Amino acid sequence: MKRIGQQLAIFPLMFLLLFVPTETLAHTNEYPTLEKVKKVEEAGFTKEGLENVDELIETDIENGFPGASLIIIKDGKIVKDSRYGYRQVYDGMEELKHPKKVKKDTLYDLASNTKMYATNFALQHLVSEGEIRLSDKVSDYIPEFKDEANAEIKGKDTILIQDLLQHQAGFPASIEFHNPDTAGALYSQDRERTIELLPKVPLQYEPRTDHLYSDIDYMLLGVIVERVTGERLDAYVDETFYEPLRLKDTMFNPLENGVKVKDVAATERLGNTRDGYFSFPNIRTETIIGEVHDEKSYYAMDGISGHAGLFSTTNDMAVLLQVMLNGGGYGRQKFFDEDVIEAFTAASPTNETYGLGWRRNGDEGTMDWMFGSLASDTAYGHTGWTGTVTILDPEYDLGIVLLTNKKHTPVLNPAENSNLFAGDEYATGDYGPVVQAIYEAMK
């Protein structure tokens, strides 16, 4: 418990792992566990370089960026563990006279990093155990997943789990299930109804002819995890990963799991209204703290979805990154095979910035906004809309977790772009400058 109680061609490597179940994964190896360095030079960093990282973030805080937490791990050691600014600056539209500082154990809404550290972790484990194959059809697990008779674009019967993971299944970026004005017949603010509606979401393009990052892909993947395991996603990932790793601050719906509001970073100032610009049934209008910001997750999935809903701290996240850098385990716990990690983080044949869920540092600098310009070609990770980024670079045995509450700022011009907040305009909110500074801090 918590505080209480992508073409149809399969990667060559995948042939080695898709069809052969592995041994039971538990207590079979001893993997490195994190410990703090005595001096940053031990892990190949310079003190001056890391001070430059601090200065970059602190300057943003002084100029109005809300708050951030940063942890850097290298060679199995915690090199830097820092906090900046405030977990809450506003109460509604009113700026607090005494903003509330970020603390060591402040939880953040991970947003789409949920896709990796909940759904991908679950799938990597299930593939390692032979419970799921990447070449399986989605309809093998969701029989009701089929084309409607009047569908303009068809092909659901050809979509593989791999296609969902590579964001090439053909789905739109999102469906606003929670908003009847935009969802139409797909309107839902009930988790079970939303799960019934997901297979009916129409395709936007022919499967495997493009890559379009889509929350629908991961909502479906979350459902597949639940169908295979017979458990709700939050319970499964908790008992399979977070509890064995003793991660007490990684969870869905933290306020329902003993976490207090004072321990979570605030996100949007006026609920999901974009400073009063939007409205739909049951919309939240107070500052969001401790509830997932993502509308589909909160209203349509009870806060538990494959695409968003997970909260965590930098220290817990560091352990999850180390599991990946270790090749699938931590201490005496093994969660997935190294070959599975290699398959999930390998480049898609048609777009090398996509792995299986993971985003990669590929395509000649097009991902510099996330990885900076110094990351290796093997670097991978993910971002989250609320202001989170995780970077793993096996070549350097390096992991970076930057968690921010950048959306806890005014919306700049909701009529022009309702998703652009003041916090997005800072270097820290851009991610890349901070990541770049961290690489520059290495000797």
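Our subject is the structure that appears above.
Residues numbered from 1 in each chain as written. Predicted model: local features only at pLDDT ≥ 70, side-chain atom pairs only at ≥ 80, totals over all residues. Heavy atoms only, no water.

A. How the structure looks around the packing of helix H2 (residues 113-128) against helix H9 (residues 314-325). Where H2 contacts H9, the two axes come as close as 13 Å, and the packing angle between them is 30 degrees. Regarding the angle of H2 to H9, the classification is roughly parallel. Taken as a pair, H2 and H9 cross one another with a handedness that is left-handed. Contact with H2, carried on its side by Tyr117, Phe121 and Gln124, involves Met317, Leu320, Leu321, Val323 and Met324 of H9 and no other residues of that element. Broken down by class, the residue content of the contact of H2 with H9 amounts to 7 nonpolar, 1 polar and no charged. (Axes fitted to C-alpha atoms, helices over the stretch in contact; angles between N-to-C directions. Helix = DSSP H or I, 4+ residues; strand = E, 2+ residues; numbered from the N terminus. Parallel < 35°, antiparallel > 145°, perpendicular 65-115°, else oblique. Left-handed = near helix turned anticlockwise from the far one by under 90°. Contact = heavy atoms within 4.5 Å. Nonpolar A, V, L, I, M, F, W, Y, C, P; charged D, E, K, R; others polar.)

B. Region of interest: the sheet that holds strand S5 (residues 108-109). Strand order in the open sheet formed by 3 strands is S5-S7-S6, and the pairing between neighbours is antiparallel. The open sheet is flanked by S5 and strand S6 (251-252), the only strands paired with a single partner. Across 2 bridges, S6 lies against strand S7 (residues 310-312) in antiparallel orientation. When the sheet's bridge partners are listed, Met251 is paired in S7 with Phe311. (Pairing = 2+ DSSP bridges.)

C. Region of interest: the nonpolar core. Counting 77 residues, the largest nonpolar core has Tyr117, Phe171 and Phe177 as the members making the most contacts within it. By size, the runner-up hydrophobic cluster in this structure holds 33 residues, among which are Phe45, Phe371, Leu398 and Ile400. (Core = buried A, V, L, I, M, F, W, Y, C linked by side-chain atoms within 4.5 Å. Buried < 20%, exposed > 50% of the residue type's maximum accessible area, 1.4 Å probe, protein only.)

D. Examining H2 more closely. Here H2 spans 21 Å end to end across 16 residues, near enough to the 22 Å set by a 1.5 Å rise per residue. Of all the 16 residues making up H2, 16 are buried; the element is thus mostly covered by neighbouring parts of the structure. Gly130, located one to two residues past H2, shows a positive phi value of around 75 degrees. (Expected span 1.5 Å × (residues − 1).)

E. Molecular detail of the packing of aromatic side chains. Summed over the entire model, instances satisfying the criterion amount to 14 aromatic pairs. Judged by centre distance (5.6 Å) and plane angle (70 degrees), the ring pair of Phe65 and Tyr426 falls under edge-to-face. On the criterion of sequence distance, the pair formed by Phe65 in the loop between helix H1 (47-62) and strand S2 (67-74) and Tyr426 in the loop between strand S15 (417-421) and helix H12 (427-430) is long-range, its members being 361 residues apart. For Tyr426, a relative accessible area of 17% corresponds to the buried category. Between Phe121 and Phe336 the ring centres are 5.1 Å apart and the planes differ by 90 degrees, which places this aromatic pair in the edge-to-face class. Of the two residues, Phe121 is situated in helix H2 and Phe336 in the loop between strand S9 (333-334) and helix H10 (338-345); the sequence distance between them amounts to 215 residues. Take Phe121 and Phe336: they sit in the same class, and that class is buried. Joined through ring pairs, the aromatic side chains of Tyr117, Phe121, Phe241, Phe335, Phe336, Trp358 and Tyr380 make up one cluster. Lying over the aromatic face of Phe145, Lys156 brings its terminal NZ or CZ to 5.4 Å of the ring centre. Here Arg284 stacks its cationic end above the ring of Tyr298, 3.5 Å away from the centre of that ring. (Phe/Tyr/Trp six-rings, centres within 6.5 Å; stacked < 30°, edge-to-face > 60°. Lys NZ or Arg CZ within 6 Å of the ring centre and 35° of its normal.)

F. Highlighting H10. For H10, every residue scored as buried is listed here: Val340, Ile341, Ala343, Phe344 and Thr345. Looking at the packing, one finds that the buried side of H10 touches H2, helix H3 (161-165), H9, strand S10 (359-360) and strand S11 (380-384).

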